Amino acid sequence: MPDNAGQLLKIACDNAYDQYTHSCSHAVWSVMRACGQPNEDYRTANALIDHMTAKWSEVTLSDGHALAMEGSVVVAGLKGTEHGHVIVVYPAATIESGGYQFLYKKKNTMMTMRSHGKYPPCMSTSIGPWPGAMSKGDKTVWDPWGDDNIFEKVKFWTLKK
């Protein structure tokens, strides 16, 4: 269970999810501003990843989860050719990934994503159609990417201390 600072991060994540359902970068920006960076400039996902790479500390997934439980903002992201994607590690216990329905295009049928293990939950929004990218703490940091090979390229950052 998160402490008081973790509870503040949870509230910021929930508010960002509700306010910016179709923009991951706006949602992350909202959490950053609510949790101690009120003058943070808005950046799109790819620009935000560049900014964090230069100014923030990269952390492991497990360290990032521990920091989020203490109330620190931990952002995960992966740059894309056109658009990248960014999420916030949600301050709660690990949960099973998967469990949501998605369209399997090769067979044009709906399927249920199987679990790929337990991960920390996340706050994630997206303009895209991938159901794993919509999470108010009910999906994991793995689910927005939905693929082990892609997820291994995802980086995690927190503010430098």
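See the structure shown above.
The paragraphs below set out a description of the structure included in this document. Just so it is clear, the model here is predicted, and its values are computed rather than measured. (Residues numbered from 1 in each chain as written. Predicted model: local features only at pLDDT ≥ 70, side-chain atom pairs only at ≥ 80, totals over all residues. Heavy atoms only, no water.)

Now for the overall build of the chain. Of regular secondary structure, the chain possesses five helices and 10 strands. For 161 residues, the compact-globule estimate of 2.2 N^0.38 gives 15 Å, and the chain sits close to it at 15 Å. Taken over the C-alpha atoms alone, the chain extends approximately 50 × 35 × 30 Å along its principal axes. Here the chain holds 161 residues, and the buried ones make up 50% of them. Considering only contacts within the chain whose residues lie at least 6 apart along the sequence, 61% involve residues at least 24 apart. Charge centroids of the chain, computed over 16 positive and 16 negative side chains, lie 4 Å from each other. (Helix = DSSP H or I, 4+ residues; strand = E, 2+ residues; numbered from the N terminus. Rg over C-alpha atoms; globule rule 2.2 N^0.38 Å. Buried < 20%, exposed > 50% of the residue type's maximum accessible area, 1.4 Å probe, protein only. Contact = heavy atoms within 4.5 Å. Lys, Arg positive; Asp, Glu negative; His and termini not counted. Charge placed at Lys NZ, Arg CZ, Asp CG, Glu CD.)

Right, let's get into the side chain of Lys-139. Its location among the elements puts Lys-139 in strand 9 (residues 135–140). At 3.3 Å, the side chain of Lys-139 forms a polar contact with the side chain of Asp-138. Residues within four places of Lys-139 in sequence aside, it is in contact with Ile-95, Tyr-100, Pro-121, Cys-122, Pro-131, Gly-132 and Met-134. (Polar contact = N/O pair within 3.5 Å; in protein donor to acceptor, adjacent residues only side chain to side chain.)

Now for the sheet that holds strand 2 (residues 74–78). The strand order 1-10-2-3-8-9 describes an open sheet built from six strands, whose pairing is antiparallel. What marks the edges here is a single partner per strand, and that holds for strand 1 (56–59) and strand 9. Neighbour-to-neighbour, the strand axes of this sheet turn through a mean angle of 40°, independent of strand direction. Relative to strand 8 (residues 121–124), strand 3 (residues 85–89) is paired through two bridges, and the arrangement is antiparallel. Along strand 8, the bridge assignment pairs Val-89 with Cys-122. Its contacts with the sheet place helix 2 (residues 24–34) against strand 1, strand 2, strand 3 and strand 8, and it is angled at close to 35° to strand 3. (Pairing = 2+ DSSP bridges. Axes fitted to C-alpha atoms, helices over the stretch in contact; angles between N-to-C directions.)

Here the focus is helix 4 (residues 61–69). Listed as buried for helix 4 are Gly-64, His-65, Leu-67, Ala-68 and Met-69. Turning to helix 4, the residues buried within the fold contact helix 1 (4–19), strand 1, strand 2, strand 3 and strand 10 (155–159). Positive backbone phi, at 100°, marks Gly-71, one or two positions downstream of helix 4.

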